[in-house]
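# Descriptive structure summary
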Amino acid sequence: MFTLGACLHPVDVRLLLVEDERRLTELLKDGLTKEGFAVDLAYDGREGLWMATEHSYDVIMLDVMLPLLHGYGVCAKLREAGNWTPILMLTAKDGEYDEAEALDTGADDYLTKPFSYVVLLARLRALARRKVRERPTVLTVGDLRVDPAGLRCSRGDVQIALTPKEFAILHCLTRHTGEVVTKSELLAQAWDFAYDGDSNVVEVYISALRRKIDKPFGRTTLKTVRGVGYRLEG
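Residues numbered from 1 in each chain as written. Predicted model: local features only at pLDDT ≥ 70, side-chain atom pairs only at ≥ 80, totals over all residues. Heavy atoms only, no water.

## Comments concerning the packing of aromatic side chains
Counting across every chain of the model gives zero aromatic pairs. Lying across the ring of Tyr57, Arg14 places its NZ or CZ 4.7 Å from the centre. One Lys or Arg, Arg22, reaches over the ring of Tyr43 and ends 3.5 Å from the middle of that ring. (Phe/Tyr/Trp six-rings, centres within 6.5 Å; stacked < 30°, edge-to-face > 60°. Lys NZ or Arg CZ within 6 Å of the ring centre and 35° of its normal.)

Structure, rendered in structure tokens:
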């Protein structure tokens, strides 16, 4: 799947490789480890999403065609959660629309199989040098501020402590201010895509959000649209 190039100088980078082709992952891990990378492996999209969420990486290599959750979905969920680790997409698909989709979902670079090992190393080094990516815009709804990069929320000068799922739901609502967001859309945002529990769990978190972002401030910005979903109003 790739061709070995000349030995390059080692780098000090922690890397997550999410790829279901076991032989390829082992070959890449062996080669990259020799180059100085610290490499963790995941073999499906759900495992990769969990590892990328639970651990800190300098770069993520993410295959598109993965079991359980495809690479586009993993990338989109990480970006929605405020995770801006540089992502290099790997795919056997080739075409401008595939590349555009990878970049539109938040990937930083794109490499089509089979690829040159020398080119792969160069691109990984380039991504690793991006120590700080441009922060996404802080979202505001009236005096409510939602900072996706810092995972912070406030009203005026008052900081509001939110759990990760509360923040994910609020982030989704603020990105669609004034629009109705369905329960299924909020479940996809804050829970695993394969979640098959009671969808009423969303109501529990909506109630918790109201107690934190509205009630203490005498506001009613988080509305229920019966039978449809929820809407955040300015």
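## Things to note about helix α5 (residues 117-128)
Between its terminal C-alpha atoms α5 stretches 16 Å, which fits the 16 Å expected from twelve residues at 1.5 Å a residue. Turning to α5, its buried residues number three or more, namely Tyr117, Leu120, Leu121, Leu124, Arg125, Leu127 and Ala128. Mapping the buried residues of α5 onto a view down its axis gives an arc of 160 degrees, with all of them on the same face. Taking the backbone nitrogen of Val118 as reference, a side-chain oxygen 3.3 Å away marks Ser116 as the first, capping residue of α5. (Helix = DSSP H or I, 4+ residues; strand = E, 2+ residues; numbered from the N terminus. Expected span 1.5 Å × (residues − 1). Buried < 20%, exposed > 50% of the residue type's maximum accessible area, 1.4 Å probe, protein only. Arc of directions from axis to C-beta. Polar contact = N/O pair within 3.5 Å; in protein donor to acceptor, adjacent residues only side chain to side chain.)

## Overview of the sheet that holds strand β2 (residues 13-18)
By way of backbone hydrogen bonds, the strands of a sheet pair with one another, either parallel or antiparallel. Taken in spatial order, the five strands line up as β3-β2-β4-β5-β6 in an open sheet, and their pairing is parallel. Because the sheet does not close on itself, it has two edges, and the strands there are β3 (37-42) and β6 (109-112). With strand direction ignored, the average angle separating the axes of adjacent strands in the sheet is 20 degrees. As defined by bridge partners, β2 adjoins β3 across six bridges and the pair is classed as parallel. What sits directly across from Val18, in β3, is Ala42. The sheet strands contacting helix α1 (residues 22-34) are β2, β3 and β4 (59-63), and the helix crosses β3 at an angle near 165 degrees. Strands β2, β3, β4, β5 (87-91) and β6 of the sheet are contacted by α5, whose axis makes an angle of about 170 degrees with β6. (Pairing = 2+ DSSP bridges. Axes fitted to C-alpha atoms, helices over the stretch in contact; angles between N-to-C directions. Contact = heavy atoms within 4.5 Å.)

## Some thoughts on the environment of Arg46
Its location among the elements puts Arg46 in helix α2 (residues 45-54). Looking at Arg46, the relative accessible area reads 37%, which means it is partly exposed. On a C-alpha basis, the gap between Arg46 and Leu68 in space is 6.2 Å, while along the polypeptide they are 22 residues apart.

## Overview of the sheet that holds strand β12 (residues 181-182)
With respect to topology, three strands assemble into an open sheet ordered β12-β14-β13, the strand pairing being antiparallel. Both edges of this open sheet fall to β12 and β13 (222-225), since each of them pairs with a single strand only. Here β13 pairs with strand β14 (residues 229-232) via four bridges, running antiparallel. Considered in β14, the bridge of Thr224 is made with Tyr230. Contacting β12, β13 and β14, helix α6 (residues 164-175) crosses the sheet at an angle of about 70 degrees to β14. Its contacts with the sheet place helix α8 (residues 201-214) against β13 and β14, and it is angled at close to 150 degrees to β13.

## Describing the side chain of Glu166
When you line up the elements, Glu166 lands in helix α6. Within the local environment of Glu166, its side chain forms a polar contact with the backbone nitrogen of Thr163, the two atoms lying 2.9 Å apart. In this structure Glu166 touches Ala161, Tyr205, Ala208, Leu209 and Lys212, once residues within four positions along its chain are discounted.

These values are about where atoms sit, not about what they do.
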